[in-house]
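Structure assessment
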Amino acid sequence: MASTLFHGISELRTVAEAGTLHDAALIAEGGAITWIGEAAQAPVADEAVDLGGRAVLPGWVDSHSHMIFDGNRAEEFEARMAGQDYAAGGIAVTMEATRAASPERLRALLRERLAAARAGGTTCMETKTGYGLDVASEQLAAQIAAEVVDEVTFLGAHVVPPGAEAEEYVDLVCGEMLHAVAPHVGWIDVFCERGAFNAEQSRRVLEAGKAAGLGLRVHGNQLGEGPGVALAVELGAASVDHANYLSESDVEALAGSETVATVLPACDLSTRQPLAPARRLIDAGVRVAIASNLNPGTSYTSSMNFCVGTAVLQQHLSLEEAIEAATAGGARALRRHDIGGGRDAQGRPAKGALVVGAAADLHVLYTAHAIDLAYRPGMPLTWRTYVAGERVA
Ligand code: NIG
């Protein structure tokens with residue numbers, strides 16, 4: 001196996017104990033980091049890549065997206081900008097377009113979207129089903145997603161499809177649909193919100209997923225206070241996502257748990273919701289992740305650079321906190337983070353931090369300083385992206 005020395009790094013954000021290193025270098029071999037430190041101390045490697053005095057961070061770990069869809073909802077968005085509220089009704093519009101698309105088209109769209117995310121520095125991507133909402137379409141979405149992205153989540157419980165009866169639909173999700181998607185997915189999710197699924201229905205979905213061996217995730221507290229966060233914590237979900245409207249007891253419950261609160265700043269802007277209280281969560285000791293929530297209804301962007309810049313500018317996170325949330329935080333939300341020796345709980349190279357043993361997933365900026373993510377918002381800042389030491393963008 002050839003080793004590659006990456007040098008010419010002005011600022012190396014390890015998102016680990018070593019903090020930020022200057023004039024740094026690292027060596028990748030077999031997809032993982034085998035050495036990291038000051039460039040002057042670097043051992044010899046088979047090949048060398050000069051990054052030209054740029055800033056390097058771990059690739060973004062985007063732990064929440066809905067990338068398998070066809071169609072777009074520009075009209076709905078324009079109406080929202082003219083004052084209409086977001087109420088999730090548009091999910092059925094995307095469902096129609098997605099059901100009408102061929103498998104080849106869905107696969108091509110997904111690959112295009114993944115390529116765009118990588119071009120923006122994302123090296124690990126979760127995506128959800130949830131625009132099929134019948135057995136065959138959910139199964140197809142799960143299968144295609146499993147071919148293309150790192151982590152796949154079953155979201156049959158996105159909304160009750162038009163014409164279906166809620167309890168019968170929950171039976172379907174927990175029975176035949178779950179059985180059909182299970183070979184392709186690692187996670188189950190539910191949209192626990194007024195207008196989608198109530199606490200009892202959400203519990204049924206999550207418990208069925210758990211019994212099938214899946215990890216749990218919850219869409220909760222997006223449009224108002226509700227039972228999503230409490231349920232996620234009670235059932236040991238890896239993450240509860242959105243978390244815009246939180247009671248004091250929600251924050252306390254999260255702080256005393258392993259459940260990550262995943263905030264989705266691009267979605268909050270697009271839906272004109274108050275930005276999720278990421279500052280308050282971090283101050284309370286909650287583990288926070290930042291994700292893109294790429295989808296055609298509430299967040300038509302995979303730009304993690306934009307999300308991180310927004311978290312600094314508008315949610316009052318320090319640059320270090322925002323980078324941590326979008327790398328190690330996302331990895332924690334997917335249970336892909338380092339538990340020692342740079343490996344995750346399954347012994348795979350961990351994601352979201354640059355330490356020996358972890359994946360050589362690198363996000364190289366054009367510039368020498370990572371603060372440009374907030375200082376120069378909207379500028380094309382990603383120069384190159386490497387996954388497991390290989391250049392992908
Ligand atoms: O995470 N909130 C639920 N699901 C998506 C939006 C779905 C849509 O409107 O298409 C979200 O924001």
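Note that this is a predicted model, so its numbers are computed, not measured.

Topic: the UniProt feature "binding site: Fe(3+)" (unreviewed entry) in the protein chain
In the numbering used here, UniProt assigns the feature "binding site: Fe(3+)" (unreviewed entry) to His64, His66, His219 and Asn293. Look at the named residues: they lie 230 residues apart in sequence, but the longest C-alpha span between them is just 12.1 Å, so in the fold they bunch up. Among the annotated residues just listed, those lining the largest cavity are His66, His219 and Asn293. Residues in contact with histidine 64, not counting those within four places in the same chain, are Glu126, Lys128, His219, Asp241, His242, Thr262, Leu264, Ala291, Ser292, Asn293 and Leu294. Here the side chain of histidine 64 touches histidine 219 through a polar contact of 3.2 Å, side chain to side chain. By the secondary structure assignment, histidine 219 is in strand β9 (residues 215–220). Judged by its relative accessible area of 3%, histidine 219 is buried.

Thoughts on the UniProt feature "binding site: N-formimidoyl-L-glutamate" (unreviewed entry) in the protein chain
Taken from the UniProt record, the annotation "binding site: N-formimidoyl-L-glutamate" (unreviewed entry) applies to Tyr131, Asn295 and Gly297. In terms of the greatest pairwise C-alpha distance, the residues named above, spread along 167 residues, form a tight cluster of at most 11.1 Å across. When only the residues just named are considered, the largest cavity is lined by Tyr131, Asn295 and Gly297. Tracing the backbone shows tyrosine 131 in the loop between β6 (122–128) and α4 (135–148). The exposure class assigned to tyrosine 131 is buried, which follows from its relative accessible area of 3%. When residues no more than four places from it in sequence are discounted, the contact partners of tyrosine 131 are His66, Ile68, Phe69, Arg73, Ile91, Thr94, Met95, Thr98, Glu138, His158, Asn295 and Pro296. Relative to the assigned elements, glycine 297 resides in the loop between β12 (288–290) and α11 (304–313). Residues within four places of glycine 297 in sequence aside, it is in contact with Arg73, Glu76, Arg80 and Ser270.

What counts and how
Residues numbered from 1 in each chain as written. Predicted model: local features only at pLDDT ≥ 70, side-chain atom pairs only at ≥ 80, totals over all residues. Heavy atoms only, no water. UniProt positions renumbered as here; feature names shortened; annotations may be inferred. 1 Å grid on protein atoms, 1.4 Å probe; cavity = no way out; pocket = protein on both sides within 12 Å on 5 of 7 lines; lining within 4 Å. Contact = heavy atoms within 4.5 Å. Polar contact = N/O pair within 3.5 Å; in protein donor to acceptor, adjacent residues only side chain to side chain. Helix = DSSP H or I, 4+ residues; strand = E, 2+ residues; numbered from the N terminus. Buried < 20%, exposed > 50% of the residue type's maximum accessible area, 1.4 Å probe, protein only.

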